[in-house]
Structure formats: structure tokens, C-alpha cells
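Understanding the architecture of this molecule
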There are 2 protein chains.
Amino acid sequence: MELTASPLAADPSEPALVRRQQATLFTAEQPLTLECGLTLGPITVDFQTYGELNSRRDNAVFICHALTGDSHVAGRRNADDRKPGWWDGFVGPGKGIDTDRFFVICANVLGGCQGTTGPNSLNPATGRPYGPEFPFITVADIVRVHQTLVDSLGIDRLLAAVGGSLGGMQVLEWAARHPERVASAILLASGSRLSAQGIAFNTVGRRAILTDPSFNGGNYYGQAETPRFGLALARMIAHITYLSEQAIEQKFGRRLQHRDQLCYSLTEDTEFQIESYLSYQGKRFVERFDANSYLRLTRAMDYFDMERDHGPMPASLAATAARFLVVSYTTDWLFPTEQSRAIVRSLVQAGRHVTFTELSSPHGHDAFLIESELPMLARLVSPFLDRTWRDLPRA
Amino acid sequence: MELTASPLAADPSEPALVRRQQATLFTAEQPLTLECGLTLGPITVDFQTYGELNSRRDNAVFICHALTGDSHVAGRRNADDRKPGWWDGFVGPGKGIDTDRFFVICANVLGGCQGTTGPNSLNPATGRPYGPEFPFITVADIVRVHQTLVDSLGIDRLLAAVGGSLGGMQVLEWAARHPERVASAILLASGSRLSAQGIAFNTVGRRAILTDPSFNGGNYYGQAETPRFGLALARMIAHITYLSEQAIEQKFGRRLQHRDQLCYSLTEDTEFQIESYLSYQGKRFVERFDANSYLRLTRAMDYFDMERDHGPMPASLAATAARFLVVSYTTDWLFPTEQSRAIVRSLVQAGRHVTFTELSSPHGHDAFLIESELPMLARLVSPFLDRTWRDLPRA
């Protein structure tokens, strides 16, 4: 394995800068065989770490990011960076996941577009981006790559795998597929499989991309036009499912955006504030995300199914050594609490250690990412990590 | 007014055929002034009637159809018609709305695409379809046209106005704007205004149409390509909101469409049954609906707001002479029961006669259209119409 890392900030008076690192795993000769049967190699993994790995190498916490997240969990990339990482309120010195004590790793997922090998990466065999040639990947493939990364860092067992939504599915996969490799599993706003309604929303989002003429069958890199209308629309649709009805009502209601009067116009389709907000979310998203990745990662989410992949649930979880913390949110309708309860019931039946909390929040599925919700989450996660750490079997 | 009607079936052994009629209302010289300030005239109204108007002309029931419905409520259009009208299980001799006793009228809405003047109608001023020139209309405009039709039929007061969803909004508009013209108002799965989440779903649907290159700013009549991808996608998105999560789960779950194995393919995006179902719904919809109409009617739905249009709610309903029947469905998340309750509370505060029932159904918003739900609905509506009929003030 080849590791490269950018330098850390030298001046301690500067805000903490994060270390962006890359590892190259697998090779053309010894590629990763994906679940679909195709092979991929070499695979670049782009990741960030926070804190220090201890000498026993047993204080590593692996954060699994969600559908459109990335490895930039906390801190700032450079001195000019205006926004810290997406979980900066939760991960850092003295925070919910305390980087003074734990070595935190977050890696961009396979098939994404943030540095880890994905459709927009150069295919070494052709010298051009993979584009539509990039295989459809699964949660198991994503975790397989991350597990290989963890191997390469010399870590036998993670203190915890943590993730929300699609990240929670990865955590379940870690626990089921690599039962000795995780001492604890923390699942937030997630489930053992996406509901049919969730698949429905994903499929209309993909349809928006696939029917955008600029998608051009996935061959749009280097073109003047990219499928930005389709990708923005897919994001807008998905974004509705991330918010609770209650949150949309409170934040926007039926308020108009620009004026007091309705405008009765075709060209002004953002006259309600909620329309303008969604439009903005779509626009921002296309600046940072790739349509081919979106197609693959939503499919990975659709495909994940604990029972299909690992057999009936109590049994498939019986082998894991992990203790679980499962958290759901009252107004999450993409992964309603009942989904978390089903996992908890299976864990109890499997005789595993499990803590479950349904948190009250108006913020819907996105609650685990919302700043104001993080102190409550920290009050659950921090002592859970403490106890896991204290109870670690030590030779 | 000019009235034309197609002949009824002559042979009584044939299934009942419906009478398709057209009326021409308003003129170029005396047009309808729309809420947006523009004018429209003449306006053709395409409608169907069932049963006979009695000599007192007081047994008319006006059915307000929903977003993509039409005037073809019951019966068959011709001997070869494979499917009866959309509410055939509820409207007919001896049915929930008994056409042996009541004279039933249903008219296609203004701005639609089923015969009543809309974007795909010829603009008499230009000889070409209105297309993007067609004004944005409101629920008040729709009802104003229907009220003029009812006038032209010599009916002073409807026994009832009945409608679900956008149809229910029209019923509210009838009661609030034309308080002496309706003896009763029957609202199903509706509300006094669409929620912000509802607007959000409408806006992403419209966005799908607006960004389809074949939409061409609304100028697509007579073109080789119509915005069928965008319109189908809009329908697919909306269709998800018409079904309950529970109904989708029971009907499709995570079952695959063609095979046991996942296919990991870009070109096969209908591998789950729910995907194939939605895709089919989209495809069928574009065969019968017009994108310009869809843009206008969803906007009319967004715009409708009892309080904005008629002032604070208890007061605005105090003037109506109508007695109300309000029905909601347990799993309807587009117009949740709370929306019906809010109307009922206002009616009670306004001292109006109101009956309210929340029906238990797994079918979500579409429940009022589902065959198996109609007997239960009939058990509410039929006696309600009876009592209204019995209590009619008669000179």
C-alpha cells in the first residue's frame, strides 16, 4: 500500500487543519472482486484522520459517511476554508467523539466523487474517466475497501464504526461481515434495508438524471454540458425526504419568496420560499457531486438488505462481537423508528448487547447532521464509547 | 350559451352510455376575468351528466374532479369502452351517489386537457393552441366557470358539491364564494390549503417538465417530441405521495421485477417492482395528459388557500348555507387528517352543521378512488345526501 499525506498546520495558533490522505489499495493484478462479479484495481482511497492512534492501536473510530457526505468530517482543510467538516460539532477535542482520546478515520466511499475511486476517476486501463463503465457497487464493496484500508493502517479491531443513514448500513455491514473487527457499532437514523417507498424516491431521482439529455449515457466528462438539471432535480426530490413535514412547515410554511402577491407565471416557479430553498439546494449540490456517482450510491442504498445479504436477522447478527447503540429520530420518515426497533429486536434475540434511543427532534432524517441536535447525540455516544473502551478485552 | 350533446345509447340492453356535453360560456366581448387579471372567452366546458334533473331543479349533485381526473365519472363512453368512469363504483343507479334520484354533473376543469378550455385548446384570437400563453388559473377560476355552467343549466342551488383532493378544494370554494348555491358540501381527503411539503412535491414535478428540452417553453404542440419524460417523471413523483408507505410496502415491498438476482446495471433501472410500477404509471399518464395543463393545475392547487382567499376561517365559512361532510383517511399523508380536523373545527366555531369521519384505510391519499373503499364511503355519503334532501327548504 502506498500512503500520501498533506502536511498539518505548523502554527498551533491556527485553527486545526485536517490531514487529507490517500492510500492505494489492490492492484490491476490483484484487484477487488466486487459483488457484481466485476473487478476493480488499483483503488485509491481518500481519507482523513483526527487524533492519534495509540500504541495498542485499539482506539480507532471509523466514521461511515452518508450518501452525499465525504471524508471531511471536522476541522478545516486550509486556513481559508469557510466551513468546517460536516460533523464538526460532534467530532473533535472534547466533543461527542473525542479526538483527544480516539483516533478517528473517515474515508470517502467507493463509487463516490470525492477522491476515492469512482466513475469520475481515471481508468488506468484507458487513461480516461471510467464514466458509465464504472461498475455498480454495493455497501459490502464499500465496506470491503474500508476494511482493507483499516488493515493497511495496522488496526485489527475498530473501537467503533459509526454512521447515519447509508452510513448506518455500512456499520451493519461491518458488524455482520467482519464480526471480529468492530468492538461497537453505532447506527443513527438507519435501517437494515430501505423501504419500498425509499426505493421509489431513489428511482425518480435516478430517472431525472437518466432522462437529462446531457447525461448522454454517462459520457459527459469533459463535455460543455453535464446533467446538472437532472442531478439538481434528484437532489431536490431527495431533500424533501430528509426533512420532516413539520420542519418544512415551520421553516417555510406557505410564505412567498419575493413579494406579497402570487405571480401566476411559468417562468417564476420559485415563488414560495420552499421552492426557492429546494432550488438552491439543487444548485449547490451539482457544484459538488457527480451524477454517475449519485446513480451508483443510491443503487447501493436500494440494494442493501441485511436479510438478503446475510441471512435471517437474529442469526446473522449472533456472530458479531460488537455492542450496539441504535438511535432513531421521531420525525424521520425515510428511516422511521420502527426500522431501528426491528434491528434492536433482532439484536436482543441474538443475545447481543444493545442500547436503543428514539430522540425527539423536529428535523426529520437529517437530524443526526443538525448542529442543535448534536449535544443530545453526544450525551448518548460519548458514554457509550467510554464503556466500550473500558470493557475492551485487553491481553 | 350553446349546448351540444352526443346521443345516448338507444338499446336498453347495452350498458349505460354516458352523455358527453359541451357548453360555450363567456364570449370574447364578455370574457371571464381571471384572478390573475387576464381575461378568457369564449370558454368551452366539457361535461357529463347522469340521471335526470327534476322539475324543481333541486336534485343536482356537482362532482368536482381531482388534479388529473375528468368529467367521465361513471358508465362507458361507447360500447367498446373497456373501462368505466373513474368513480363508477360510487356513482350510478342505487350507488353511493344514486343517479336514480339525483342529477349528477361533472365538468372538466378550466386549464385541463380533456375538452374544457385549456392550454391545448385553440386560441380563437390566433387559431393556434394557447400553449404557454394560457393564463395561470386558480381554484376560484375553475369554480367560477362551473358555477356559470350550473347557471346555464337553470340550477339555482346544488343539492351537493362533492370532491376529493383538489376537488375538495373546489367544494370549499363553492361553499365560501357562492354560499347560497350549495345545500351541502362533501370534502374527501382534502384541506383548506396544501402543506409546504405538498408544494415541495408539486414544484419538483413542475421542474421535471420545465427542464425537459422538449417542453420548449410550452411550445410543443405539433412538434415531433413532447415533454413526455418530464411529464412522466412529474407523475411518478406525485404518485408516490398518493400511496401510503404501508400500501407500497404491502403491494411491492422489495420484490424484484424480472429475476431473483440484482442486475447492477445502468440501463435496467426498473429492477424492483415498485420501480416498474411507477414507470408504468408515468408512461400511461403521458398518453392522456398535457404538460401545460399539469403545470397550471398543480399551481392552482398550490395557490388555493382558504384564509388567503376568503379571510380567517371560522368567519369566512359562517356565511355558507351548506351542511358539511368531511372525510379523511388514516394513511393519507398528502392531506393528513389534521387538515380535515382544522376545517371541522372552523365549521363548528362558525356554527355550521358538520359531520366528520376519519376512515381507516391502508390506501393513502388515493383511498377515495379505490374500489374497495367505496362501499364504506357510500355508507356515509348516501344517508348524508338523504338528510340534506329531506331537509331542503322548500317553498
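Thresholds, definitions, all that
- Residues numbered from 1 in each chain as written.
- Chains lettered and ligands numbered in written order.
- Predicted model: local features only at pLDDT ≥ 70, side-chain atom pairs only at ≥ 80, totals over all residues.
- Heavy atoms only, no water.
- Helix = DSSP H or I, 4+ residues; strand = E, 2+ residues; numbered from the N terminus.
- Rg over C-alpha atoms; globule rule 2.2 N^0.38 Å.
- Buried < 20%, exposed > 50% of the residue type's maximum accessible area, 1.4 Å probe, protein only.
- Contact = heavy atoms within 4.5 Å.
- Lys, Arg positive; Asp, Glu negative; His and termini not counted.
- Charge placed at Lys NZ, Arg CZ, Asp CG, Glu CD.
- Pairing = 2+ DSSP bridges.
- Salt bridge = Lys/Arg side-chain N within 4 Å of Asp/Glu carboxyl O.
- Least-squares fit on C-alpha atoms with pLDDT ≥ 70 in both.
- Domains from an automatic or database assignment.
- Buried area = accessible area lost by both parts, 1.4 Å probe.
- Nonpolar A, V, L, I, M, F, W, Y, C, P; charged D, E, K, R; others polar.
- 1 Å grid on protein atoms, 1.4 Å probe; cavity = no way out; pocket = protein on both sides within 12 Å on 5 of 7 lines; lining within 4 Å.
- Points joined across faces, edges and corners; volume = space filled by probe spheres on them.
- Expected span 1.5 Å × (residues − 1).
- Axes fitted to C-alpha atoms, helices over the stretch in contact; angles between N-to-C directions.
- Parallel < 35°, antiparallel > 145°, perpendicular 65-115°, else oblique.
- Left-handed = near helix turned anticlockwise from the far one by under 90°.
- Disulfide = S-S within 2.5 Å.
- Core = buried A, V, L, I, M, F, W, Y, C linked by side-chain atoms within 4.5 Å.
- Phe/Tyr/Trp six-rings, centres within 6.5 Å; stacked < 30°, edge-to-face > 60°.

**Observations concerning the overall build of chain A**
Counting its secondary structure elements, chain A contains 11 helices and 13 strands. In terms of overall dimensions, chain A is globule-like: its C-alpha atoms have a radius of gyration of 21 Å, near the 21 Å expected for 395 residues. Sorting the 395 residues of chain A into buried and exposed places 59% on the buried side. Taking the contacts inside chain A whose residues are at least 6 apart along the sequence as the reference set, 70% of them involve residues at least 24 apart. A distance of 3 Å separates the average location of the 38 positive side-chain charges in chain A from that of its 43 negative side-chain charges.

**Observations regarding the pairing of strand 6 (residues 60-64) of chain A**
Residue and element names in this part refer to chain A. Taken across its 5 residues, strand 6 has 5 buried, putting it largely inside the fold. The two faces of strand 6 match: A60, F62 and C64 on one face and V61 and I63 on the other face are all buried. The pairing of strand 6 with strand 9 (residues 103-107) spans 4 bridges and is classified as parallel. Residue pairing in the sheet places A60 in a bridge with F103 of strand 9. Of the pairings in the sheet, the one linking strand 6 to strand 10 (residues 160-164) comprises 4 bridges and is parallel in character. Bridge pairing links V61 to A160 in strand 10.

**Structural notes on the pattern of salt bridges**
Any two side chains of opposite charge can pair, given that their charged atoms come close. Under the defined criterion, the tally for this structure stands at 41 salt bridges over all chains. Measuring nitrogen to oxygen at the nearest pair gives 3.8 Å for the salt bridge that ties D58(A) to R394(A). Here R394(A) lies in the segment after helix 11 (374-391) and D58(A) lies in the loop between strand 5 (43-50) and strand 6, a separation of 336 residues in the sequence. Of the residues examined, D58(A) reaches a relative accessible area of 12% and is grouped as buried. Exposure remark for R394(A): the relative accessible area of 34% places this residue in the partly exposed category. Through salt bridges with shared partners, a single network forms among R206(A), R299(A), D302(A), E271(B) and E275(B).

**Considering the relation of the copies chain A and chain B**
For the pair chain A and chain B, the superposition axis carries a translation of 0.0 Å, the fit reaches an RMSD of 0.0 Å, and the rotation angle comes to 180°. Expressed as an axis order, the relation between the two copies is that of a two-fold axis. Interface overlap between copies: 100% of the residues of chain A at the interface are likewise at the interface in chain B, consistent with a symmetric, same-surface contact.

**A short note on the domain arrangement of chain A**
By a widely used convention, the size of an interface equals the accessible area lost when the partners come together. All names here are of chain A. Partitioning chain A into domains gives domain 1 (2-193 + 304-391) and domain 2 (199-297). Here the C-alpha centroids of domain 1 and domain 2 sit 26 Å apart. Listed as interface residues are 27 residues of domain 1 and, on the opposing side, 25 residues of domain 2. When domain 1 packs against domain 2, close to 2100 Å² is buried across both sides, 63% of that on carbon and sulfur atoms. By the criterion of area lost to domain 2, the three top residues of domain 1 are L67, T68 and W333, representing 28% of everything that side buries. On the surface where domain 1 and domain 2 come into contact, there are 0 salt bridges. Within the side of domain 1 that touches domain 2, the residues separate by chemical class into 16 nonpolar, 10 polar and 1 charged.

**Here we look at the interface of chain A and chain B**
Of the residues lining the interface, 58 residues belong to chain A; the matching set on chain B comes to 58 residues. Carbon and sulfur atoms supply 65% of the area that chain A and chain B bury against each other, a total of about 5100 Å² over both sides. Three residues stand out in chain A for area buried against chain B, namely R254(A), Y264(A) and L266(A), and they jointly supply 16% of the buried area on that side. At the boundary of chain A with chain B, the tally comes to 8 salt bridges. R299(A) is the partner of E271(B) in a salt bridge, and the nearest nitrogen-oxygen pair spans 3.6 Å.

**Topic: empty space enclosed by the protein**
Residue and element names in this part refer to chain A. Taken as a whole and judged by the stated rule, the model has 2 cavities of 30 Å³ or more. By volume, the largest cavity amounts to about 40 Å³. For the lining of the largest cavity, a count of residues per class yields 5 nonpolar, 6 polar and no charged. There is about 40 Å³ of room inside the second largest cavity. As for the second largest cavity, its lining consists of H65, L67, G69, N108, V109, G112, C113, Q114, F289 and L297.

**Description of helix 2 (residues 166-177) of chain B**
Relative to the 16 Å expected for 12 residues at 1.5 Å per residue, helix 2 of chain B spans 16 Å between its end C-alpha atoms, a close match to the ideal helical length. Among the residues making up helix 2 of chain B, those that are buried are L166(B), G167(B), G168(B), M169(B), Q170(B), V171(B), L172(B), E173(B), W174(B), A175(B) and A176(B).

**Observations regarding the environment of A161(B)**
All names here are of chain B. Along the chain, A161 falls in strand 12 (residues 160-164). For A161, a relative accessible area of 0% gives the class buried. Put simply, A161 and L233 are 72 residues apart on the chain and 32 Å apart in space, counted from C-alpha to C-alpha. Excluding residues that lie within four positions of it along the chain, A161 makes contacts with F62, V171, W174, V182, S184, A185 and I186.

**Points about the pairing of strand 9 (residues 103-107) of chain B**
Residues and elements named next belong to chain B. Counting buried residues in strand 9 gives 5 out of 5 residues, a clear majority hidden from the surface. Going residue by residue along strand 9, you find F103, I105 and A107 tucked away on one face and V104 and C106 tucked away on the opposite face as well. Where strand 5 (residues 43-50) meets strand 9, 4 bridges bridge the pair, whose relative direction is antiparallel. Counterpart to T49 in the pairing with strand 9 is I105.

**Some thoughts on unusual backbone geometry**
Residue and element names in this part refer to chain A. Here the bond from G41 into P42 is cis, since omega is 0°, no more than 30 degrees from zero. Along the chain, P42 turns up in the loop between strand 4 (39-40) and strand 5. One non-glycine residue, S165, lies in the positive phi region at around 60°. Assignment of secondary structure puts S165 in the loop between strand 10 and helix 2 (166-177).

**A closer look at the packing of helix 4 (residues 228-242) of chain B against helix 6 (residues 273-288) of chain B**
Residues and elements named next belong to chain B. Two elements in contact, helix 4 and helix 6, have axes separated by 8 Å at closest approach and are oriented at 125°. What the angle tells us is that helix 4 and helix 6 run oblique. For the pair helix 4 and helix 6, the crossing hand works out as right-handed. Of the residues in helix 6, those touching helix 4 at R228, L231, A232, R235, M236, H239 and I240 are Y277, L278, S279, Q281, G282, K283, F285, V286 and R288. Its residues assigned to classes, the contact of helix 4 with helix 6 comprises 8 nonpolar, 4 polar and 4 charged.

**Some thoughts on the state of the cysteines**
Under the criterion given, the structure shown has 0 disulfides over all chains. Here C113(A) is not disulfide-linked; the sulfur of C106(A) is the nearest cysteine sulfur, at 14 Å.

**A few points about the nonpolar core**
Across soluble globular proteins, nonpolar side chains have a tendency to be buried as a group. Residues L149(A), F324(A), L149(B) and F324(B) are the most contacted members of the largest nonpolar core, which totals 188 residues. Look past the residues within four positions of F324(A) in its chain and what remains in contact with it is L172(A), A175(A), A185(A), L187(A), L317(A), L347(A), H353(A), V354(A), T355(A) and F384(A).

**Some points on the packing of aromatic side chains**
All told, the structure shown has 31 aromatic pairs over all chains when counted by the stated rule. Measuring from centroid to centroid gives 5.8 Å for F201(A) and F201(B), while their planes differ by 20°, and the two rings are stacked. On the criterion of chain membership, the pair formed by F201(A) in helix 3 (residues 196-210) and F201(B) in helix 3 (residues 196-210) is interchain, its members lying in two chains. Assessed through its relative accessible area of 5%, F201(B) is described here as buried. Taken together, a centroid distance of 6.5 Å and an interplanar angle of 40° make the contact between F272(A) and Y303(B) tilted. Of this pair, F272(A) sits in the loop between helix 5 (245-251) and helix 6 (273-288) while Y303(B) sits in helix 7 (residues 291-303), which puts the two residues in different chains.

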